[in-house]
There are 2 protein chains.
Amino acid sequence: MFESAEIGHKLGKTEFKKQEPKLRQRLLDLQGRLAQQAKFPVLILVNGVDGAGKGETVNLFNEWMDPRNIHTYAFGPRTDVERDRAEMWRFWQALPPKGRIGIHFGSWYTDPIMDRVLGHDRRAEFERRLSRIRHFERMLVSEGTLLIKLWFHLSKTAQRKRLKELAARKETSWRVTPQDWKRFKRYDKFMDICEDTIRATSEGEAPWYVIEGSDHEYRSLTAGRLLEDALKARLGGTKPVISPPAPPPPPPLDGKTLLGAYDYKRTLSREDYSKKLARLQRELNLLTRSKKMNDRSLVTVFEGMDAAGKGSTIRRITHALDARFYRVIPVAAPTEEERAQPYLWRFWRQIPGHGRAVIFDRSWYGRVLVERVEKFCSELDWMRAFGEINAFEEQLAESGAIVTKFWLSITPGEQLKRFKARQDTPHKRFKITAEDWRNRKKWPQYERAVEDMLERTSTEPAPWDVVASDDKVFSRIETLEKLVGRIEAAL
Amino acid sequence: MFESAEIGHKLGKTEFKKQEPKLRQRLLDLQGRLAQQAKFPVLILVNGVDGAGKGETVNLFNEWMDPRNIHTYAFGPRTDVERDRAEMWRFWQALPPKGRIGIHFGSWYTDPIMDRVLGHDRRAEFERRLSRIRHFERMLVSEGTLLIKLWFHLSKTAQRKRLKELAARKETSWRVTPQDWKRFKRYDKFMDICEDTIRATSEGEAPWYVIEGSDHEYRSLTAGRLLEDALKARLGGTKPVISPPAPPPPPPLDGKTLLGAYDYKRTLSREDYSKKLARLQRELNLLTRSKKMNDRSLVTVFEGMDAAGKGSTIRRITHALDARFYRVIPVAAPTEEERAQPYLWRFWRQIPGHGRAVIFDRSWYGRVLVERVEKFCSELDWMRAFGEINAFEEQLAESGAIVTKFWLSITPGEQLKRFKARQDTPHKRFKITAEDWRNRKKWPQYERAVEDMLERTSTEPAPWDVVASDDKVFSRIETLEKLVGRIEAAL
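Below: a short report on this structure. (Residues numbered from 1 in each chain as written. Chains lettered and ligands numbered in written order. Predicted model: local features only at pLDDT ≥ 70, side-chain atom pairs only at ≥ 80, totals over all residues. Heavy atoms only, no water.)

Quick notes on the overall build of chain A
Helix and strand counts for chain A come out as 20 helices and 10 strands. Reported as C-alpha extents along the three principal axes, the dimensions of chain A are approximately 85 × 50 × 45 Å. Here chain A has roughly 22000 Å² of accessible surface; of this, 51% comes from carbon and sulfur atoms. In chain A, the 89 positive side-chain charges and the 70 negative ones have mean positions that sit 3 Å from each other. (Helix = DSSP H or I, 4+ residues; strand = E, 2+ residues; numbered from the N terminus. Areas by Shrake-Rupley, 256 points an atom, 1.4 Å probe, with all protein chains shown as cover. Lys, Arg positive; Asp, Glu negative; His and termini not counted. Charge placed at Lys NZ, Arg CZ, Asp CG, Glu CD.)

A few points about the interface of chain B and chain A
At the junction of the two partners, chain B supplies 49 residues and chain A supplies 49 residues. Taking both partners together, chain B and chain A bury about 4400 Å²; carbon and sulfur atoms supply 54% of that area. Inspection of the region where chain B meets chain A yields 6 salt bridges. The closest approach of N and O atoms between Arg-315 of chain A and Glu-63 of chain B, which form a salt bridge, is 3.9 Å. In this assembly, chain B and chain A are joined by 16 residue pairs in polar contact (both at pLDDT 80 or more). Counting residues per element, the ones that place at least two in the side of chain B that touches chain A are helix H1 (13-37), helix H2 (54-64), strand E2 (70-74), helix H3 (80-83), helix H11 (270-288), strand E7 (326-330) and helix H13 (336-339) of chain B. (Contact = heavy atoms within 4.5 Å. Buried area = accessible area lost by both parts, 1.4 Å probe. Salt bridge = Lys/Arg side-chain N within 4 Å of Asp/Glu carboxyl O. Polar contact = N/O pair within 3.5 Å; in protein donor to acceptor, adjacent residues only side chain to side chain.)

As for the relation of the copies chain B and chain A
Least-squares fitting of chain B to chain A yields an RMSD of 0.0 Å, with the transformation described by 0.0 Å of translation along the axis and a rotation of 180 degrees. In the structure described here, the two chain copies are related by an operation that fits a two-fold rotation axis. Of the C-alpha atoms belonging to chain B, the one lying closest to the rotation axis is found on Glu-336 of chain B, 3.1 Å away. (Least-squares fit on C-alpha atoms with pLDDT ≥ 70 in both.)

Overview of the packing of helix H16 (residues 379-398) of chain B against helix H19 (residues 443-457) of chain B
Residues and elements named next belong to chain B. The interhelical angle for the contact between H16 and H19, taken along N-to-C directions, is 45 degrees, at an axis separation of 10 Å. Our classification of the angle between H16 and H19 gives oblique. Remark: the crossing between H16 and H19 carries right-handed chirality. Taking contact as the criterion, the partners of Met-383, Phe-386, Ile-389, Asn-390 and Glu-393 in H16 are, on H19, Asp-452, Met-453, Arg-456 and Thr-457. (Axes fitted to C-alpha atoms, helices over the stretch in contact; angles between N-to-C directions. Parallel < 35°, antiparallel > 145°, perpendicular 65-115°, else oblique. Left-handed = near helix turned anticlockwise from the far one by under 90°.)

Considerations on helix H1 (residues 13-37) of chain A
All names here are of chain A. Taking 1.5 Å of rise per residue, the 25 residues of H1 would be expected to cover 36 Å, and the 36 Å separating its terminal C-alpha atoms lies within 8% of that figure. Along H1, the helix axis deviates most sharply at Gln-19, where the bend reaches about 30 degrees; the proline Pro-21 sits within four residues downstream. Among all positions of H1, only Phe-16, Gln-19, Glu-20, Leu-23, Arg-24, Gln-25, Leu-27, Leu-28, Leu-30, Gln-31 and Leu-34 are buried. Looking at the residues trailing H1, positive phi occurs at Ala-38, about 50 degrees. (Expected span 1.5 Å × (residues − 1). Bend = angle between axes of the 7 residues up to and from the residue. Buried < 20%, exposed > 50% of the residue type's maximum accessible area, 1.4 Å probe, protein only.)

Structural notes on the sheet that holds E2 of chain B
Hydrogen bonds between backbone groups are what pair the strands of a sheet, and the pairing can be parallel or antiparallel. Residues and elements named next belong to chain B. The 5 strands lie next to each other as E2-E3-E1-E4-E5, forming an open sheet whose pairing is parallel. Of all the strands in the sheet, just E2 and strand E5 (208-212) have a single pairing partner and so form its edges. Strand-to-strand twist in this sheet, taken as the mean axis angle between neighbours without regard to direction, amounts to 20 degrees. Bridging between strand E4 (residues 146-153) and E5 involves 5 bridges; their strand directions are parallel. Bridge pairing links Phe-152 to Ile-211 in E5. Against the sheet, helix H9 (residues 187-200) touches strand E1 (42-48), E4 and E5, its axis set at about 155 degrees to E4. (Pairing = 2+ DSSP bridges.)

A word on the packing of aromatic side chains
When we look at a pair of aromatic rings, we describe it by the centre distance and by the angle of the planes. Within this structure, the stated rule accounts for 44 aromatic pairs over all chains. Geometrically, the ring pair formed by Phe-360 of chain A and Trp-364 of chain A is edge-to-face, given 5.0 Å between the ring centres and 75 degrees between the ring planes. Here the two residues Phe-360 of chain A and Trp-364 of chain A agree in accessibility, since each one is buried. A ring pair is formed by Phe-91 of chain B and Trp-108 of chain B, whose centres lie 5.6 Å apart and whose planes are at 90 degrees; its orientation type is edge-to-face. In this pair, Phe-91 of chain B is assigned in helix H4 (residues 89-93) and Trp-108 of chain B in the loop between strand E3 (101-105) and helix H5 (110-117), connecting sequence segments 17 residues apart. It is Arg-85 of chain A that lies over the ring of Trp-89 of chain A; its NZ or CZ is 4.7 Å from the centre. When the ring centre of Tyr-343 of chain A is taken as reference, the NZ or CZ atom of Arg-367 of chain A above it lies at 4.1 Å. (Phe/Tyr/Trp six-rings, centres within 6.5 Å; stacked < 30°, edge-to-face > 60°. Lys NZ or Arg CZ within 6 Å of the ring centre and 35° of its normal.)

As for the environment of Glu-171 of chain B
Residue and element names in this part refer to chain B. You can see Glu-171 is positioned in the loop between helix H7 (156-168) and helix H8 (178-185). Residue class for Glu-171 comes out partly exposed when judged on its relative accessible area of 36%. Remark: the alpha-carbon pair of Glu-171 and Thr-257, spanning 86 residues in sequence, is separated by 73 Å.

With respect to the sheet that holds strand E10 (residues 464-468) of chain A
Residue and element names in this part refer to chain A. Strand order in the open sheet made by the 5 strands is E7-E8-E6-E9-E10, with parallel pairing throughout. Both outer strands of the open sheet, strand E7 (326-330) and E10, are each paired with one neighbouring strand and no more. Across this sheet, the average inter-strand angle for adjacent strands is 20 degrees, counted without regard to direction. Across 5 bridges, E7 lies against strand E8 (residues 357-361) in parallel orientation. In the strand pairing of E8, Val-328 is matched with Ile-359.

Looking at the packing of H11 of chain B against helix H20 (residues 472-490) of chain B
Residues and elements named next belong to chain B. Contact geometry for H11 and H20: axes closest at 10 Å, N-to-C directions at 25 degrees. Considered as vectors, H11 and H20 are oriented roughly parallel to each other. Considering the relative orientation of H11 and H20, their crossing is left-handed. Taking contact as the criterion, the partners of Arg-270, Tyr-273, Lys-276, Leu-277, Arg-279, Leu-280, Glu-283, Leu-284 and Leu-287 in H11 are, on H20, Val-473, Arg-476, Ile-477, Leu-480, Glu-481, Leu-483, Val-484, Ile-487 and Glu-488. Among the residues forming the contact of H11 with H20, the class breakdown is 11 nonpolar, no polar and 7 charged. (Nonpolar A, V, L, I, M, F, W, Y, C, P; charged D, E, K, R; others polar.)

Here it is in structure tokens:
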């Protein structure tokens, strides 16, 4: 794997001086076109061996091109806030928007590799992390990112030589830390793991490029050329081919549906409701204040047809909570910054730290509901979303989040009744728009989308609860009961 | 102060039921107009005595209006990330954008009051914090925020009664925590401090409204009406009158300027440059890696005319730093989200935590430079900006940031030379635009603005360093020397 990066590649200084200005000009032009089109982001991962010129290359890219359009991030050990959230959270925060170049120096590869080298992770765990990375990168590429993964390599002899050289000169000795020597001692083990990593994550849509790092001129021109080629191809319209997800299954032959299996006639008396509500709110409050909540968080999603009662149910929940404990995120059209990112980005932004809750009034499921039905995204897009969403929620759950999802299910008749009531009540009129009536006409398409969603995204770490909601008070109590039950089981 | 809020205000339930739907409808209409115009944000502060109905009122506002356009934040003890930054940082993160209503439950008043009640702060410190709050609120209002400060009050007897009632009923007993009783014991002291606070912070542009909290109906309708009146007046065009800042001083009579006092002829040989650069980069690196940096941060600002050498100087600095330690923020046009906020908001967003550095390539000084000269903001706006910027930087410094600011000063002749060189060098051509030539024609106006800026914002916690930069290498060395000196002095 690294053989061809240990043969002492070199380029003369004269040759470099001749080529550099031209390459630079071409890169600048490409960067300009990228920014002007603003149709996709570029993300460059910089990994490899210490002393192989990673930092120098990052600096060079910033010198060659307009640094104001390059977002460079370097990642070290995770901070408190980062440790409170899923591992990938901090990388999501650092994704470049469309039209810009992002450089991740020490990317999502560093921790899995080092945890394996240092023996913190067993083989199985290591492979699970790599497989998650593959999935994540495929999502990025599907969302349009031009992903360029550069690996800078040095042979063991070359690394020793390089560290010694740096340490010997007064002007550069500070660049070599005791940490570097410590890591050098593990060179062989490190390289084994790196080789496994590169092999396992060189998918067609996001291959690694291994570059020999010992010669400044060779290394720099090679990296620059790789970037140039990738940019040129993509700006010219070449897109990576990604194997399409399985086609949507046809509706079941007998017409039976998940949603049809619920009993929409069940009701609750006002008196029972008040009593049960008070008890459940008390239970919920005590649970969220329990010590065990300190290293857990709560992510709750509410979805449902228009007028299903999402808002009023959320209020019954929040009434029981300390206002500092939770935030409600109503999901509407994305902002300009959000539109320049993969669709899950704006939800990653809102993920709570430990000891906190976020309640989503509509959510990332918009991708497989409204965006699917209204054709805001392509069929391929929403089909791959099921797996992307599952991976997202699984990561939340692993980082300590209790993920609960409620589909408040009403019948078309009940919706009509509520729409009419909204139109007749002045202070409720704002809740009903022409769009609601339009959506209503597409009830069968929405129902189909809901069935697929429930079927494909109800997972063990993040299960759906469907609540028959034609009776408002019954629905609220059942939702609260299920929520309390889910939290109790998790703590 | 609280007398009129201890006389047992009450409203009959029938009256409430009659008025509530109408009020609700009016509030909804106003909220709709607010969202449609999207010209200013509304921020409601909710403070007062425990048990006086603060939480209930917040819930009610969310029920009465469209909660998707209300951003409610509740503030508890500061998290690690928040403690790493200036006290006001978390409130800046939670400011509502134009067209939206923000509710801060437990606002920037809570900590100053409690720190005084618990004896952590002496009188002088307490008053300093209040005076900072006044300054901050004036800025918010000047930037267009409709600020509504609600104080919910209960007499001692009423509070005792309320806590006992809640504790006695099984359904509500969880609402009363041991903390509440502990705080109740300090009622008298607490009220003294609160009275001081309200008196000291009831400016004409942001007065407090004290509401008696014992009766649900009275309290709710009163708060709703206050919100209605304030919204109606502001949407109708009534703006708060804020005393204007002092007019800009005329240029000095003798024509002598700050910038003219520097020697632009000093140069440095390439050989001296290389030696000094290596030494200074080494020093800078060691300083930033010192243990003392762990509870400090570094905020460095670069300003200068076009082609003054900001970018290349920044690169000489970052070459010496661990890539994880710093971020460079190039400041360009604000995004949609940023335009919906006070102008300082997008810089508060980027403030580093302890042990980190942020280098701004252009900065908030755009307000008093380009925005002033190009008349992107009014004279009143940039005149008040001097004080607002000083307050901002003072807060950074107090929270542990080392604030360094560099004006790279070049002469018009040198700029012309560099512009021409940029046009003649292919890979530098992107750096020169028609706008640069236009700006150059306004050199005298820019110079005037720079003089005012240096005069008014070079402060002890955040001093300016002017570096004569006609000779690039001399300028880089001098900048690095000053930067190293400033950090050394601070650690």
